[in-house]
Amino acid sequence: VSTGFAESMSPRSDSLLQSLPANVGAYFRIPSLLGLAGVSKGNLPIDKAMATKAHQDALAKIKVAVPNMAVIPSEFKLALDFLLAEQSGPLEIAVLTDSGSLSPISKMMIGMPVANRNAASFQKKWDQLTTQIGMPMPMQFDAKTGLVRIAAGMGATDADLSVLKARQPGNAKLAAANDLIDQSGLGFLVWVDGNAAAPMLAMAASSATPEDAAMYKAIQSIDSMAFGWGTQSGFGRMAMDFYLKDDAVWADYLPKAPLSLSLKTA
């Protein structure tokens, strides 16, 4: 375990996204459920309610009670204990594409912020978890910020983590999707580069039935896709965005006239 990175890193909840290189083929951000229920999203009326002592006390009781629920299989209990005790923000997973394409052997970068600031204590828990999983994974832990970085995939080594650097340009399409859907960095986000996924899609399309051929053709025309929900300009937002290389093949799937729904919620 290392107790620092080569460069200082922002303590943002989506800090992994902020330090990724450009060759990202897919990105997933999975929010911490307790964090969603108790962390400020930024100038929202509900933030005041979540900050009350009664609400925070209720979350603390849930945090203690969940690992003891009888319905949780024993093989998942250690991982759940680890996340509930340590995780203080979203779990981020990025799939990198050294060859420009997603594949079963693509390397993954995983990150999350944790509440623990004791390197020895965190290392002990991490060793217990990876031993149970049976898959050693190189890990960096910054005790100052509480940021954890993990390399996963076939043959992953400590050297793979060196691609993570603060303030590098990163992937512009991923950054744009993140800003459109969830500026807080606390919500749920799935982003896939259509060009990186193209070889796998082509393989699947080659064995598709004639009935599915048109659907695969439409999917293969997607340049990138993003789906998620979070906070945008102080308001909750859920969106699914597709950027197309050829919109003609989508003509049969899109509405002929714009659809507009006027909804109000309380």
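One can find the structure itself at the top, above this paragraph.
About the criteria used
Residues numbered from 1 in each chain as written. Predicted model: local features only at pLDDT ≥ 70, side-chain atom pairs only at ≥ 80, totals over all residues. Heavy atoms only, no water. Core = buried A, V, L, I, M, F, W, Y, C linked by side-chain atoms within 4.5 Å. Buried < 20%, exposed > 50% of the residue type's maximum accessible area, 1.4 Å probe, protein only. Helix = DSSP H or I, 4+ residues; strand = E, 2+ residues; numbered from the N terminus. Contact = heavy atoms within 4.5 Å. Pairing = 2+ DSSP bridges. Axes fitted to C-alpha atoms, helices over the stretch in contact; angles between N-to-C directions.

Visitor: Is there a simple way to think about the nonpolar core in this case?
Guide: Side chains of a nonpolar character, in soluble globular proteins, are inclined to be buried together. Counting residues in each nonpolar core, the largest one holds 19 residues, and the members touching the most others are L20, V24, Y27, M109, L164, L174 and W191. Those elements that place two or more of their residues in this core are α1 (15-18), β1 (24-30), β2 (91-96), α7 (172-181) and β6 (188-193). It is α7 that provides the largest number of residues to this core, a total of three residues. In contact with L174, other than residues within four places in its own chain, are L17, L20, V24, Y27 and W191.

Visitor: Any chance you could explain the pairing of strand β4 (residues 139-142) here in plain terms?
Guide: Where a strand is regular, its side chains alternate between the two sheet faces. Covered by surrounding structure in β4 are M139 and F141 together with Q140 and D142, the residues of both alternating faces. By the bridge criterion, four bridges tie β4 to strand β5 (residues 147-152) in an arrangement that is antiparallel. Directly across from F141, in β5, lies its bridge partner V148.

Visitor: Help me out: how do you make sense of the sheet that holds β2 in this one?
Guide: Within a sheet, adjacent strands bond to each other through the backbone by hydrogen bonds, running parallel or antiparallel. With respect to topology, eight strands assemble into an open sheet ordered β4-β5-β3-β2-β1-β6-β7-β8, the strand pairing being antiparallel. Edge positions in the sheet fall to β4 and β8 (235-244), since each of these pairs with one other strand and no more. Averaged over all adjacent pairs, the angle separating strand axes in this sheet is 10°, with direction ignored. Judged from the four bridges that link them, β1 and β6 form a sheet pairing that is antiparallel. In the strand pairing of β6, A26 is matched with V192.

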